[in-house]
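# Working through the structure, step by step
Take a look at the letters that make up each chain.
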Amino acid sequence: MTRGIFLVFEGIDASGKSTQAKRIAKERDALFTFEPGDTAVGKDLRRWLLDAATPMKPETEALLMTADRSHHVDTLIKPTLESGKSVVADRFYASTLAYQGYGRGVDISQLRAATQLAIGDCLPELTILIDLPVDVANERRERNAKDRFESSDIDFHNRVRSGYLELAKTDVVEWFVVDGTKSESEVAALIDERLAALPW
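What comes next is a walk through the structure. What you see is a predicted model; the values in this text were computed from it and never measured. (Residues numbered from 1 in each chain as written. Predicted model: local features only at pLDDT ≥ 70, side-chain atom pairs only at ≥ 80, totals over all residues. Heavy atoms only, no water.)

### Side note on the packing of aromatic side chains
With the rule as written, the count across this model stands at six aromatic pairs. Aromatic side chains Phe 6 and Phe 92 sit 5.0 Å apart centroid to centroid with 75 degrees between the ring planes, which places their arrangement in the edge-to-face category. Of the two residues, Phe 6 sits in strand E1 (residues 6-10) while Phe 92 sits in the loop between strand E3 (87-90) and helix H4 (93-103), which places them 86 residues apart along the sequence. For Phe 6, a relative accessible area of 0% corresponds to the buried category. With 6.5 Å between their ring centres and 55 degrees between their planes, Tyr 164 and Trp 175 make a pair best called tilted. With a gap of eleven residues between them, Tyr 164 in helix H7 (residues 154-170) and Trp 175 in strand E5 (residues 175-179) connect regions that are remote in the sequence. There is no split in this pair, since Tyr 164 and Trp 175 are both buried. Above the face of the Phe 156 ring, Arg 104 is positioned so that its terminal group lies 4.3 Å from the ring centre. (Phe/Tyr/Trp six-rings, centres within 6.5 Å; stacked < 30°, edge-to-face > 60°. Helix = DSSP H or I, 4+ residues; strand = E, 2+ residues; numbered from the N terminus. Buried < 20%, exposed > 50% of the residue type's maximum accessible area, 1.4 Å probe, protein only. Lys NZ or Arg CZ within 6 Å of the ring centre and 35° of its normal.)

Structural data, given as structure tokens:
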């Protein structure tokens with residue numbers, strides 16, 4: 001049986017990645033999933049990870065993210081792909097490299113080793129980064145002071161954005177970067193044009 005296509009959307013909050021990921025999943029009859037938290041185990045991990053009131057070292061944060069991903073791959077993503085159905089994910093391993101690595105300062109090489117342990121050979125065919133300046137993202141949403149990531153300062157979010165752009169240049173998988181300041185329809189058209197080359 002032919003393996004399904006694995007497509008990942010990345011970007012800072014309010015970039016529009018979730019909207020586009022859900023749209024593509026629906027149009028392509030693929031499974032939409034997200035990280036962290038789209039499994040029974042992951043729901044508890046997500047609650048701890050997002051709760052700004054729970055003190056947590058960056059390394060602990062990274063390991064919890066990686067634990068969620070390992071379970072996510074093993075119980076949902078990989079079985080779905082092996083069944084022949086495609087998967088569209090809102091965040092995957094690059095989020096940990098961008099947020100905990102570039103953003104929090106956890107050693108990137110150690111994060112890559114943990115990622116390898118968590119996901120094995122389960123790599124996406126393509127990662128789509130919807131890139132958006134942090135000040136534009138902040139205009140689009142109200143920041144949640146109770147959320148560990150949304151409540152982080154603007155320097156953190158700028159480091160995350162820079163990290164994503166660096167990953168798009170140097171990562172082991174193929175990336176497609178889209179200007180998130182364009183209209184939703186323009187972003188969709190650019191994504192659709194790129195996806196036409198994949199063997200759905």
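### Thoughts on the environment of Leu 126
In this fold, Leu 126 is placed in strand E4 (residues 126-131). Non-local contacts of Leu 126, meaning those with residues more than four positions away in its chain, are made with Phe 6, Leu 7, Val 8, Glu 174, Trp 175, Phe 176, Arg 194, Leu 195 and Leu 198. (Contact = heavy atoms within 4.5 Å.)

### Considering unusual backbone geometry
A cis amide bond links Glu 35 with the next residue in sequence, Pro 36, at an omega value of -10 degrees. Its identity is not glycine, yet Ala 14 carries a phi of approximately 75 degrees, on the positive side. With respect to the helices and strands, Ala 14 occurs in the loop between E1 and helix H1 (17-27). The class for Ala 14 is partly exposed, based on a relative accessible area of 29%. Its identity is not glycine, yet Asp 29 carries a phi of approximately 55 degrees, on the positive side.

### Section: the pairing of E1
Of all five residues in E1, five are buried, a share of seventy percent or more. Burial of the side chains of E1 extends over both faces: Phe 6, Val 8 and Glu 10 are buried on one face and Leu 7 and Phe 9 on the other. Direction of pairing for E1 relative to E3: parallel, over a ladder of four bridges. Across the sheet, the residue bridging to Val 8 is Ala 89, located in E3. For E1 and E4, the ladder comprises four bridges, and the chain directions are parallel. (Pairing = 2+ DSSP bridges.)

### Structural notes on the layout of surface pockets
Considered as a void within the structure, the largest pocket measures approximately 390 Å³ in volume. As for the largest pocket, its lining consists of 21 residues, of which Asp 13, Glu 35, Pro 36, Arg 46 and Arg 91 are closest to the centre. Among the elements of the structure, H1, strand E2 (31-34), helix H2 (40-50), helix H3 (58-82) and H4 are those that each provide at least two residues to the lining of the largest pocket. At four residues, the largest contribution of residues to the lining of the largest pocket is made by H4. Looking at the lining of the largest pocket, its residues break down into seven nonpolar, four polar and ten charged. (1 Å grid on protein atoms, 1.4 Å probe; cavity = no way out; pocket = protein on both sides within 12 Å on 5 of 7 lines; lining within 4 Å. Points joined across faces, edges and corners; volume = space filled by probe spheres on them. Nonpolar A, V, L, I, M, F, W, Y, C, P; charged D, E, K, R; others polar.)

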